[in-house]
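So the chains spell out like this:
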Amino acid sequence: MDRMIYVSMAGAKMNMQRQEVLSHNLANVSTTGFRAELQAVRAVPVRGDGASTRVYALDTTVGYDDTAGPINFTGRALDVAMRGQSMMAVQGLDGTEAYTRAGSLVVDAQGNLVTQSGLPVLGDGGPITVPPDVTPSIAPDGTVSVRQRDGNVTQVGRLKLVTPEAKLDRGDDGLFRSPVGELPADPNAQLQDGALEGSNVNPIETMVSMITAARQFETQMKMIKTAEEDERVAAQLLRNGG
Amino acid sequence: MMRSLWISKSGMDAQQTQLDHISNNLANSATTGYKQSHAQFEDLMYQTLRQSGANSSEQTQLPTGLQTGLGVRAVATSREFTQGTLQQTGNSLDLALQGEGFFQIELPDGTTAYTRDGSFKLNADGQIVTNNGYLLQPGITVPANAKNLSVGNDGTVTVTMPGSTALQNLGQLQLASFINPAGLDPKGQNLFAETAASGTPQTGSPNSEHFGTLSQGFLESSNVNVVQELVTMIQTQRAYELNSKAIQTSDQMLQKLGQL
């Protein structure tokens, strides 16, 4: 069997994996604060004696796209969209500090300020708690204040906003973590209250990449069929000769 | 894979950016002092496959070359600072600028921002502030029981105090102008910030040279031309369709390639 069939198989598999990442991005085109996954294809040559004629293709994900997504004004007091490259600190399920751009916050039954998935939002002194029966609001610098029924306004904490200089690692839970541990709070970080940041997936680019992946997959299938046809003809030759 | 796929994709992205600007203009067609903006495009770099002017033999040169362009990208936002029409409101603190110049606003963090939005109010201390509570510079404080606040077209603010018929002069408003107002940074809230591209502000009083006049009781509406925006929107939509047609054609050509 001509070994070209393995090269075509690797190419087809690479295109399938590329399509998986593109589908993942396209599925999250409306997710709040989603950062698109970037991918790159690597060349892996086959090592051995003689000239290197076979080079496999391998699809790798190289990180996330950090451009800002579109901002949608919802008018809800606890919806925040971070400006620039800032991110909000939350406490992950494993207890470590993680960062996210999904700024849709709620107050849970115990009075903790949490994200929509229940993760506590970290302030400058740990998780932020809000007393019962108040109207909370968030200022552009992250200060959380509450207004009681009698009109008194008190501050209950300040959201920890960080501006990472290097790219963070995205964990399995979709939250971002810094490789060096915890990042310091950025006093100049700003956010927009009453707004949510959409996903930064570019649908045009994703569709064009999907067209390219599909056509390349077709080409690889054609090569596999050609290899099979060659093998069949060769086997027929041997049969007739014998 | 095929260059034309990615070139058309850049075209669709550019038309999307233009549509973003058009939507912003239409959304702000009733905003006081809003200046409309459009995206400007430039062609991307070219790949030279055959250099023009290169020697084809010892005596002859190539008269033209072979270059492939790589698409388009949005390179700038051009903001048009043309005069908006004046609408009469009758509020004594609604000021409209006719001509050049910006009002100077002091932001809470101490920096100065500039605006054409002249809908001012008085705060609890009698200072003239914008709709967001930012102070107008230079600070003018109106005494508590003043009547008949009037602003001349050169910016002098006068009131009459009870018990006297004489006009009391409270000060003169100052405007700022820039060499390159298109280089100002829009910050939202109808404010602009100075940048290195806009130049340093020149201050002066209204109705002096380089500055326009103030009209009390009027507001400058936005300079968005709705008809022009709709026509540009039609053009943008058709250009988007044409680019998507080019993508479809490239796709069909690739399909033919796979059917060999």
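Criteria and thresholds
- Here the residue numbers are simple positions, counted from 1 along each chain's written sequence.
- All chains are assigned letters beginning at A, and all ligands numbers beginning at 1, according to the order in which they are written.
- Residue-level local features of this predicted model are given only where pLDDT is at least 70; pairs of side-chain atoms are given and counted only at 80 or more, and the full residue set underlies all totals for whole chains, interfaces and linings.
- Hydrogens are left out, water is left out, and the side-chain values use all remaining heavy atoms of the structure.
- Two strands qualify as a pair provided that DSSP identifies no fewer than 2 bridges between them.
- Elements are defined by DSSP. Helices are runs of H or I of four residues or more, strands are runs of E of two residues or more, and each kind is numbered from the N terminus.
- Angles shown run from 0 to 180 degrees and are taken between the N-to-C directions of axes, each axis being a line fitted to C-alpha atoms and, for helices, limited to the stretch in contact.
- Contact between two residues is taken to exist if any of their heavy atoms lie within 4.5 Å; hydrogens are not considered.
- Two parts lose some accessible area (1.4 Å probe) when they are put together, and adding that loss for both gives the buried area.
- When a carboxyl oxygen of Asp or Glu lies within 4 Å of a side-chain nitrogen of Lys or Arg, that pair is called a salt bridge.
- Here a polar contact is taken to be a pair of N or O atoms separated by no more than 3.5 Å, where protein atoms must pair a possible hydrogen donor with a possible acceptor and residues adjacent in sequence count only if both atoms sit in side chains.
- Here a Phe, Tyr or Trp ring, Trp counted by its six-membered ring, pairs with any other such ring whose centre lies within 6.5 Å, and the pair is stacked when the planes are under 30 degrees apart, edge-to-face when over 60, and tilted otherwise.
- To sort residues, take the accessible area from a 1.4 Å probe on protein chains only and compare it with the maximum for the residue type: under 20% means buried, over 50% means exposed, and anything in between is partly exposed.
- By definition, being over a ring means that NZ of Lys or CZ of Arg is both within 6 Å of the ring centre and within 35 degrees of the ring normal.
- Note that the term roughly parallel is reserved for angles under 35 degrees, roughly antiparallel for angles over 145, roughly perpendicular for angles of 65 to 115, and oblique for everything else.
- Note: crossing handedness is left-handed where the near helix turns anticlockwise from the far helix by less than a right angle, and right-handed where it turns clockwise.
- Asp, Glu, Lys and Arg are counted as charged, while Ala, Val, Leu, Ile, Met, Phe, Trp, Tyr, Cys and Pro are counted as nonpolar; the rest, among them Gly, fall into the polar class.

Now for the sheet that holds strand 13 (residues 156-160) of chain B. Residue and element names in this part refer to chain B. Taking strand neighbours across the sheet as the criterion, the three strands line up as 12-13-14 in an open arrangement whose pairing is antiparallel. Every other strand in the sheet has two partners, leaving strand 12 (147-151) and strand 14 (167-172) as the edge strands with one partner each. In this sheet, neighbouring strand axes are inclined to one another by 20° on average, regardless of whether the strands run parallel or antiparallel. Direction of pairing for strand 12 relative to strand 13: antiparallel, over a ladder of three bridges. By the bridge assignment, Val151 is partnered in strand 13 with Val157.

This brings us to the interface of chain B and chain A. Listed by partner, the interface residues are 14 residues for chain B and twelve residues for chain A. Across the interface of chain B and chain A, roughly 1,200 Å² is buried in total on both sides, 66% from carbon and sulfur atoms. Where chain B meets chain A, there are two salt bridges. For B:Asp251, the salt bridge goes to A:Arg215, with nearest N and O atoms at 2.5 Å. The tally of links between chain B and chain A comes to three residue pairs in polar contact (both at pLDDT 80 or more). Breaking the side of chain B that touches chain A down by element, the ones donating at least two residues are helix 1 (3-27) and helix 2 (226-258) of chain B.

Scanning all chains against the criterion turns up seven aromatic pairs over all chains. Where B:Phe102 meets B:Phe192, the ring centres are 6.1 Å apart and the plane angle is 70°; that geometry is what we call edge-to-face. Of the two residues, B:Phe102 sits in strand 7 (residues 102-106) while B:Phe192 sits in strand 17 (residues 191-193), which places them 90 residues apart along the sequence. Each of the two residues, B:Phe102 as well as B:Phe192, counts as buried. In textbook terms, an aromatic cluster arises when at least three aromatic residues are bridged by ring pairs, as seen for B:Phe81, B:Phe102, B:Tyr114, B:Phe178 and B:Phe192. Across from the ring centre of A:Tyr64, 5.3 Å away, lies the NZ or CZ of A:Lys167, which sits over that ring.

All names here are of chain B. Cis geometry is found at the peptide bond from Gln137 to Pro138, where omega equals -10°. Tracing the backbone through its elements, the reader meets Pro138 in the loop between strand 11 (135-137) and strand 12. We note that Asn190 has phi near 65°; this positive angle belongs to a residue other than glycine. Among the secondary structure elements, Asn190 is positioned in the loop between strand 16 (185-188) and strand 17. You can call Asn190 partly exposed: its relative accessible area is 27%. Although it is not a glycine, Asn207 adopts a positive phi angle of roughly 65°. You can see Asn207 is positioned in the loop between strand 18 (202-204) and strand 19 (213-216). In this structure Asn207 comes out as partly exposed when scored by relative accessible area, which is 45%.

The subject of this paragraph is the packing of helix 1 of chain B against helix 2 of chain B. Residue and element names in this part refer to chain B. It is at 9 Å that the axes of helix 1 and helix 2 come closest, and there the two elements cross at 160°. Taken together, the axes of helix 1 and helix 2 lie roughly antiparallel to each other. Of the two elements, helix 1 crosses helix 2, and the hand of that crossing is left-handed. The class makeup of the residues in the contact of helix 1 with helix 2 is 13 nonpolar, twelve polar and two charged.

Interpretation note: all reported values are geometric properties and have no functional meaning in isolation.
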